[in-house]
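Examining the three-dimensional arrangement
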Amino acid sequence: MSERLQPGDTAPAFTLPDADGNDVSLADHKGRKVIVYFYPAALTPGCTKQACDFTDNLDLLAGAGYDVIGVSPDMPEKLAKFREKENLKVTLVGDSSKEVLEAYGAFGEKTMYGKTVTGVIRSTVIVDAEGRVERALYNVRATGHVAKIIKDLGI
């Protein structure tokens, strides 16, 4: 099980391919706050709801100085299909090796339908403008999570 991040930790650097196959790095966002959210799979009901919630609130978040990056183990082709089908505006990147998921503590044992399985732990890490972890939220719900973040951040 990977170590969970704590406020004040340096956010692990990453460069991952987006839905178009272009590299997206956390370093590209230096000087801005970044909401990095981890979800199990594109084109599934809960993950679709969450991605749509982030898309619906993207202007509000951007206006408050936050960029949003969604990370899943999906390949860029599947992310592109997800983006087109749901008209998503958030940046989606694929971590097929699961190295970034593990570095952020978002991959490991979880309980699903009463069974213990190994997989992506739905998580959100808020990174400040200096690249440090401001908040690290694990085992979050797909529904209502974005509204809670907005409320907690006072946006």
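Please read all numbers here as calculations on a predicted model, not as lab measurements. (Residues numbered from 1 in each chain as written. Predicted model: local features only at pLDDT ≥ 70, side-chain atom pairs only at ≥ 80, totals over all residues. Heavy atoms only, no water.)

A look at the overall build of the chain
Worth spelling out the cut-off: The helix count covers DSSP runs of H or I at least four residues long, the strand count covers runs of E at least two residues long, and both are numbered beginning at the N terminus. Our radius of gyration is a C-alpha quantity, and the globule rule it is checked against amounts to 2.2 Å times the number of residues to the power 0.38. Summary of the burial criterion: residues with accessible area below 20% of their type's maximum are buried, those above 50% are exposed, and those between are partly exposed, where the area comes from a 1.4 Å probe applied to protein chains only. When checking whether two residues touch, look at their non-hydrogen atoms; a contact exists if any pair is within 4.5 Å. Counted as positive: Lys and Arg. Counted as negative: Asp and Glu. His and the chain ends are not counted at all. To locate a charge, take NZ of a lysine, CZ of an arginine, CG of an aspartate or CD of a glutamate.
In terms of regular secondary structure, the chain is built from five helices and nine strands. Reading the secondary structure of the chain in the N-to-C direction produces β-β-β-α-α-β-α-β-α-β-β-β-β-α. For 155 residues, the compact-globule formula gives about 15 Å, and the C-alpha radius of gyration of the chain, at 14 Å, lands near that figure. Along the first, second and third principal axes, the C-alpha set of the chain runs to 40 × 35 × 30 Å. Buried residues in the chain amount to 50% of all 155 residues. Within the chain, counting contacts between residues at least 6 apart in sequence, those at least 24 apart form 65% of the total. Mean positive and mean negative side-chain charge positions of the chain (19 and 22 charges, respectively) differ by 7 Å.

As for the sheet that holds strand E9 (residues 133–138)
Here is the rule: Strands qualify as paired when DSSP identifies two bridges or more between them. Throughout, an axis means a line fitted to C-alpha atoms (over the contacting stretch in the case of helices), and angles, computed between N-to-C directions, take values from 0 to 180 degrees.
With mixed pairing, the five strands of this open sheet are ordered in space as E5-E4-E3-E8-E9. Both edges of this open sheet fall to strand E5 (91–94) and E9, since each of them pairs with a single strand only. On average, each strand axis in the sheet is inclined to that of its neighbour by 20°, with strand direction left out of account. As judged from the four bridges shared by strand E4 (residues 66–72) and E5, these two strands associate in the parallel manner.

Here's the deal with the pairing of E9
As paired strands, strand E8 (residues 123–127) and E9 are joined by five bridges and run antiparallel to one another. Within E9, the position partnered with Val127 by the bridge is Val133. Where E8 folds back on E9, the antiparallel hairpin that results is connected by five residues, among which Gly131 adopts a positive phi of roughly 85°.

Digging into the packing of aromatic side chains
Counted only if it meets this: Between the rings of Phe, Tyr and Trp (Trp by its six-membered ring), a pair exists once the centres lie within 6.5 Å; its type follows the angle of the planes, with under 30 degrees stacked, over 60 edge-to-face, and the other angles tilted.
Evaluation of the coordinates by the stated rule reveals five aromatic pairs. Here the aromatic rings of Phe14 and Tyr104 are separated by 6.1 Å at their centres, their planes lie at 70°, and the arrangement is edge-to-face. Placement of the pair is Phe14 in the segment before strand E1 (15–17) and Tyr104 in the loop between helix H4 (99–103) and strand E6 (107–112), with a sequence separation of 90 residues. Per residue, the accessibility class of Phe14 equals that of Tyr104, and both read buried. Put simply, the rings of Tyr37, Tyr39, Phe54 and Phe82 pair up and form one aromatic cluster.

With respect to the packing of helix H1 (residues 45–56) against helix H5 (residues 145–152)
Rule in force here: Any angle between 65 and 115 degrees counts as roughly perpendicular, while under 35 counts as roughly parallel, over 145 as roughly antiparallel, and the rest as oblique. Side-chain classes are defined by residue name, with Ala, Val, Leu, Ile, Met, Phe, Trp, Tyr, Cys and Pro counting as nonpolar, Asp, Glu, Lys and Arg as charged, and the others, Gly among them, as polar.
Contact pair H1 / H5: the axes reach a minimum separation of 8 Å and the direction vectors enclose 40°. One finds that H1 runs oblique with respect to H5. Between H1 and H5, the residues in contact are Gln50, Asp53 and Phe54 and His145, Val146 and Ile149, respectively. A class-by-class count of the residues in the contact of H1 with H5 yields three nonpolar, two polar and one charged.

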